[in-house]
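# Observations on chain architecture
In case you want the letters, here they are:
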Amino acid sequence: MTTATFPATPGTTSAAGLLDERFSVARRPLSAVTGAEIQAPLIQGGHVRYANLDYGASAPALSVVSAYLNEILPYYASVHRGAGYASQISTSVYENARNIVRGFVGGRPDDSVIFTRNTTDSLNLLAGCLPVADGRHTGEVLYLDIEHHANLLPWQGVPHRSVVAASTLKATLESLRSELRQGDISLLAVTGASNVTGEILPIRELAALAHEHGARIVVDAAQLAPHRRIDIAADDVDYLAFSGHKLYAPFGSGVLVGRPDWLDAGTPHLAGGGAVREARLDSVSWATGPARHEGGSPNVLGAATLARATQVIGALDQELWHAHETAIRSFLVEGLRKIDGVTVHQIFSDTDQATDTIGVVNFSVAGYDAGLVAAYLSAEHGVGLRDGRFCAHPLLKRLGLPSGSLRASFGVGSRLEDAQRLLAGIEELRRTGLGWDYVVDAGRWVPANDTRSYPDWAPNTPGTAGAAPCSDD
């Protein structure tokens, strides 16, 4: 096996060495993650360590979490109502995961902790629990146009209003205030951090705004939770949803944490075993508490590893954590802005890029389709990032990017070298162009005549390049 090497990006050092010092905290990963050293084959030959800049889609599992999984896997069994030794252990692990997650988000003692498939599932669950009187919803859901589809589409099936975000966060908050003043809003649904640009919204201020006008608030924290500490009791947030696969845990598992009254009165999310007190041939008495919405056999290992990941993330030194992430983001943003033809995108002009953002950078390269740039970076530089419209179609249209853009996202397992590799690839693209021919296969750009192979155990299925795209109008 040959290994490709890449030079350090110009501009990473200064005569006094000050620039290096600014970013030194990010030279190494903050926490070990599984798969950090996997080798990616290059289209021109050789291999290179895979630079994973796609944490915002699914983050790699923390090594500690992978080890924990191997420890508990032999005891995996059905939970609840099982008298066997393994069932009792699995039930204990599963139920204790609720307490761990509640503590991670600063939940109130009576908050329900419901395990779901993912954030999308959690928000759909809540949509089925909105208060109803005399067969009608007692209020509307209010949301911004910057939301991920997970926090947009569930509300379209209930009475709702949307607000177009202004060019500044300050003006956007005033627009929300104006809409709330009109009354008849039962729930304000907001993202904690944009999955497109990484900009953070002021949760505490938004919660106070909602409550001032008689509404509750739900926060889509899928992107925020892996990057910032959350305290829903201190911030007075009513409901919070996030996913394990973005928080360094394997398996598809999500969680909804929040006030129990709506959840106990709402329509059970999954009608089935475990969700009932008593079932009859033509009627049923539903359970209350988390069981009401967790019909069927739960994802025990998903919940357990999610809880373990929250323990690891919750124990990080907050100052070092933020410094590590900020160093990578600052280095990447500054580097991209120095490259001719590259534009870094943001929603609000008054966002403080140093303090009010998470490890997400959105950009585009003039003259190149985003999907083609992503394919080039992967094939010729071993860099993995996201392209498209990121399941946030209204926002991408707002940003003037109807065909999509590029997103680099990173976290505790990232290192400065990952950002250096990305910048080197973009600089080379602008300087000399593509080094290989590319074609569109099943809606996605791929290298022409690609002879690279997958590991022996991985199916190399033709036509999967464009499977389930989130890019069509």
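Residues numbered from 1 in each chain as written. Predicted model: local features only at pLDDT ≥ 70, side-chain atom pairs only at ≥ 80, totals over all residues. Heavy atoms only, no water.

In this section: the overall build of the chain. Scanning the chain from N- to C-terminus turns up 13 helices and 21 strands. Counting only C-alpha atoms and orienting by the principal axes, one finds that the chain spans roughly 70 × 55 × 45 Å. With 473 residues in all, the chain has 53% of them scored as buried. For the chain, the share of sequence-separated contacts (at least 6 apart) that also reach a separation of at least 24 residues comes to 71%. When the accessible surface of the chain is summed, it comes to about 20200 Å², and 51% of that surface belongs to carbon and sulfur atoms. Taking the 38 positively charged and 50 negatively charged side chains of the chain as two groups, their mean positions are separated by 1 Å. (Helix = DSSP H or I, 4+ residues; strand = E, 2+ residues; numbered from the N terminus. Buried < 20%, exposed > 50% of the residue type's maximum accessible area, 1.4 Å probe, protein only. Contact = heavy atoms within 4.5 Å. Areas by Shrake-Rupley, 256 points an atom, 1.4 Å probe, with all protein chains shown as cover. Lys, Arg positive; Asp, Glu negative; His and termini not counted. Charge placed at Lys NZ, Arg CZ, Asp CG, Glu CD.)

A separate point is the pattern of salt bridges. This structure, assessed with the given rule, holds 24 salt bridges. Here E37 and R415 are joined by a salt bridge, their closest N and O atoms 3.0 Å apart. Taken together, the residues span a long stretch of sequence, with E37 in the loop between α1 (18–23) and β1 (39–41) and R415 in the loop between β19 (405–409) and α13 (416–432) at a distance of 378 residues. With a shortest N-O distance of 2.9 Å, R452 and D450 are connected by a salt bridge. What makes R452 partly exposed here is its relative accessible area of 23%. (Salt bridge = Lys/Arg side-chain N within 4 Å of Asp/Glu carboxyl O.)

This next bit is on the sheet that holds strand β16 (residues 360–365). Overall, antiparallel pairing links the four strands, which are arranged β15-β16-β19-β18 in an open sheet. Pairing within the sheet leaves two strands with one partner each, and these edge strands are β15 (342–345) and β18 (386–388). Across the sheet, the mean angle separating the axes of adjacent strands is 30° when strand polarity is ignored. Pairing between β15 and β16: four bridges, direction antiparallel. From the neighbouring strand, H345 faces β16, where its bridge partner is N362. Strands β15, β16 and β19 of the sheet are contacted by helix α10 (residues 318–337), whose axis makes an angle of about 15° with β16. Packed onto the sheet, helix α11 (residues 370–381) meets β16, β18 and β19 and runs at close to 40° relative to β19. (Pairing = 2+ DSSP bridges. Axes fitted to C-alpha atoms, helices over the stretch in contact; angles between N-to-C directions.)

Counting 70 residues, the largest nonpolar core has L62, F115, I217 and F242 as its most contacted members. Top element by residues in this core is helix α9 (residues 300–314). It accounts for seven residues. Core analysis: the next-biggest nonpolar cluster, separate from the first, contains 37 residues, A375, V383, A408 and L429 among them. (Core = buried A, V, L, I, M, F, W, Y, C linked by side-chain atoms within 4.5 Å.)

This part takes up helix α3 (residues 85–104). End to end, α3 covers 29 Å across 20 residues, agreeing with the expected 28 Å (1.5 Å per residue, within 8%). Positive phi shows up at G106, right after α3, with a value of about 65°. (Expected span 1.5 Å × (residues − 1).)

Attention now goes to the side chain of H345. Here H345 shows up in strand β15. Of the polar contacts made by the side chain of H345, one reaches the side chain of S364; its length is 2.8 Å. With residues near it in sequence (within four places) discarded, H345 still touches T197, N362, F363, S364, L401 and S405. (Polar contact = N/O pair within 3.5 Å; in protein donor to acceptor, adjacent residues only side chain to side chain.)

Further remarks concern the sheet that holds strand β8 (residues 160–163). Taken in spatial order, the seven strands line up as β4-β12-β11-β10-β9-β7-β8 in an open sheet, and their pairing is mixed. The sheet terminates laterally at β4 (112–116) and β8, the two strands that pair on one side only. Mean inter-strand twist for the sheet, computed between neighbouring axes without regard to direction, equals 20°. Of the strand pairs in this sheet, strand β7 (residues 140–144) and β8 are connected by four bridges, and their pairing is parallel. Pairing of V141 across the sheet is with H160, part of β8.

You can see W286 is positioned in strand β14 (residues 284–286). Filtering out sequence-adjacent residues up to four positions away, W286 remains in contact with P268, A271, G272, A275, V276, R277 and R292.

Where the model shows low pLDDT, its predicted coordinates should not be examined in detail. When pLDDT is averaged along the chain, the result is 93; 93% of the residues meet or exceed 70. In the model, residues 1–18 has pLDDT below 50 throughout and makes 28 contacts with residues more than four positions away in sequence or in other chains. (pLDDT = per-residue confidence, 0-100.)

Further remarks concern α11. With twelve residues, α11 should cover 16 Å at 1.5 Å per step; its first-to-last C-alpha distance of 16 Å lies within 8% of that length. Most of α11 is tucked away, with eleven of its twelve residues classed as buried. Here α11 has its buried residues at A370, G371, L372, V373, A374, A375, Y376, L377, A379, E380 and H381. Its side-chain oxygen 2.9 Å from the backbone nitrogen of G371, D369 forms the N-cap of α11. One or two residues past the end of α11 sits G382, with phi positive at roughly 70°.

Our focus in this paragraph is the packing of α3 against α9. Relative orientation of the contacting elements α3 and α9 amounts to 40°, with a least axis distance of 8 Å. Along this stretch, α3 crosses α9, giving a crossing that reads as left-handed. Across from S90, V93, Y94, A97, I100, V101 and F104 in α3, the residues of α9 making contact are V300, A303, A304, A307, T310, Q311, I313 and G314. (Left-handed = near helix turned anticlockwise from the far one by under 90°.)

So, on to the packing of helix α2 (residues 63–72) against α9. With their axes 9 Å apart at the nearest point, α2 and α9 run at an angle of 140° to one another. Taken together, α2 and α9 sit at an angle that is classed as oblique. In this structure, the crossing between α2 and α9 has a hand that is right-handed. Residues V64, V65, Y68, L69 and I72 of α2 pack against L301, A304, T305, R308, A309 and V312 of α9. When the residues that make up the contact of α2 with α9 are grouped by side-chain class, the tally is nine nonpolar, one polar and one charged. (Parallel < 35°, antiparallel > 145°, perpendicular 65-115°, else oblique. Nonpolar A, V, L, I, M, F, W, Y, C, P; charged D, E, K, R; others polar.)

This next bit is on unusual backbone geometry. A positive phi angle, near 55°, is found at D134, a position not held by glycine. Inspection of the secondary structure puts D134 in the loop between β5 (132–133) and β6 (136–137). The class of D134 is exposed, set by a relative accessible area of 82%. Despite not being glycine, D184 shows a phi value in the positive range, around 65°. Examined against the element boundaries, D184 turns out to sit in the loop between α5 (169–181) and β9 (185–191).

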